[in-house]
Amino acid sequence: MSSSLVRAMLAEMIGTFALVLAGTGAVVSNAVSGGAQGHVGISLTFGLVIMVMIYATGHISGAHFNPAVTLAFALTRHFPAARVLPYLVAQVWGAIMGSLAVRFLIGNTGGLGVTHPSNGSISGMVLEGILTYLLMFVITAVATDTRAVGQAAAIAIGGTIALEALFAGPITGASMNPARSLGPALVAGDFTDLWLYLVGPIAGAALGALTYQVLRDPQAVGTEAKPDFSQVVDETK
């Protein structure tokens, strides 16, 4: 295992840890405090933690923090297949550690932020798929195409997550991330509906990345340098 891969895995683990600690921590803190954060506060927390961690680690690992994103990048050949499994392991481990930290430091109230749909499993899966589709569409645009504003990638991605959490959070939890849902589920021992938070986001991310590939100018593919945010995405070593 190369030193660059180890550093990337650590960055992915730390970033996903921060996501789950802050995001689900806000859910639990809101329950403990009787609603001090509110739905808007929780949504903004998820968006802000992703934004700051992209700025902090994007140049090291590409700042995926999401198995669905990693798989979609690999599918569209923006990420080496050999790195997929190490990234997934790092992301899931970071999510578990983040949820353990929430449980022991904040409390077990609010179900540890475990995600459940309020509109039925199938509808929830479809909505999670659509949310992740839109998120991955934005990620692919700002991370792989220099015609997009690459330096604002973190703001665009964090803003998309906050926006989608604002309107869909009460319906599905707006996870858009298998690791974000899996970590709390494992720590809480609550696996009800977990499958839809694996299937929906993975399928949605794949379709979102493929859609941008179709819309992208064929003359530009493979000809431009990538912004700093995604330089690591195409590393092969």
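Here goes a summary of the coordinates provided.

Thresholds applied
Residues numbered from 1 in each chain as written. Predicted model: local features only at pLDDT ≥ 70, side-chain atom pairs only at ≥ 80, totals over all residues. Heavy atoms only, no water. 1 Å grid on protein atoms, 1.4 Å probe; cavity = no way out; pocket = protein on both sides within 12 Å on 5 of 7 lines; lining within 4 Å. Points joined across faces, edges and corners; volume = space filled by probe spheres on them. Helix = DSSP H or I, 4+ residues; strand = E, 2+ residues; numbered from the N terminus. Axes fitted to C-alpha atoms, helices over the stretch in contact; angles between N-to-C directions. Left-handed = near helix turned anticlockwise from the far one by under 90°. Nonpolar A, V, L, I, M, F, W, Y, C, P; charged D, E, K, R; others polar. Parallel < 35°, antiparallel > 145°, perpendicular 65-115°, else oblique. Contact = heavy atoms within 4.5 Å. Core = buried A, V, L, I, M, F, W, Y, C linked by side-chain atoms within 4.5 Å. Buried < 20%, exposed > 50% of the residue type's maximum accessible area, 1.4 Å probe, protein only. Bend = angle between axes of the 7 residues up to and from the residue.

### Focus on the layout of surface pockets
For step 1, the next point in the chain: Of the voids in this model, the largest pocket is the one considered here, and its volume is about 520 Å³.
For step 2, the next point in the chain: Forming the boundary of the largest pocket are 36 residues, of which Phe46, Gly173, Ala174, Ser175 and Arg180 lie nearest the centre.
For step 3, the next point in the chain: Mapped onto the lining of the largest pocket, the elements with two or more residues apiece are helix 1 (3-32), helix 2 (38-61), helix 3 (67-75), helix 5 (121-144) and helix 6 (153-172).
For step 4, the next point in the chain: By residue number, the principal contributor to the lining of the largest pocket is helix 2, which donates seven residues.

### Some points on the packing of helix 5 against helix 8 (residues 194-215)
For step 1, the next point in the chain: Contact geometry for helix 5 and helix 8: axes closest at 6 Å, N-to-C directions at 35°. Where helix 5 crosses over helix 8, the two elements pack in a sense that is right-handed.
For step 2, the next point in the chain: Broken down by class, the residue content of the contact of helix 5 with helix 8 amounts to 16 nonpolar, nine polar and one charged.

### Looking at the packing of helix 3 against helix 8
For step 1, the next point in the chain: Relative to each other, helix 3 and helix 8 sit at 40°, their axes nearing to 8 Å. With respect to helix 8, the axis of helix 3 lies oblique. For the crossing formed where helix 3 meets helix 8, the hand is right-handed. Of the residues in helix 8, those in contact with Ala68, Leu71, Ala72 and Leu75 of helix 3 are Pro201, Ile202, Ala205, Ala206, Ala209 and Leu210.
For step 2, the next point in the chain: Of the residues assigned to the contact of helix 3 with helix 8, the class counts are ten nonpolar, no polar and no charged.

### Focus: the nonpolar core
For step 1, the next point in the chain: Within the largest apolar cluster, 40 residues are counted, with the highest numbers of intra-cluster contacts made by Ile50, Ile54, Phe73, Met136, Ile139, Ile157 and Ile161.
For step 2, the next point in the chain: Counting residues per element, the ones that place at least two in this core are helix 1, helix 2, helix 3, helix 4 (84-105), helix 5, helix 6 and helix 8.
For step 3, the next point in the chain: Ranked by residues supplied to this core, first place goes to helix 5 with seven residues.
For step 4, the next point in the chain: Core analysis: the next-biggest nonpolar cluster, separate from the first, contains five residues, Ile96, Val102, Leu112 and Val187 among them.

### Focus: helix 6
For step 1, the next point in the chain: Along helix 6, the helix axis deviates most sharply at Leu166, where the bend reaches about 55°; the proline Pro170 sits within four residues downstream.
For step 2, the next point in the chain: Within the sequence span of helix 6, burial applies to Ala153, Ala154, Ile157, Gly158, Thr160, Ile161, Ala162, Glu164, Ala165, Ala168, Gly169 and Thr172.
For step 3, the next point in the chain: Packing partners of the buried residues in helix 6 comprise helix 2, helix 5 and helix 8.
For step 4, the next point in the chain: The positive-phi residue at the C-terminal boundary of helix 6 is Gly173, with phi of around 90°.

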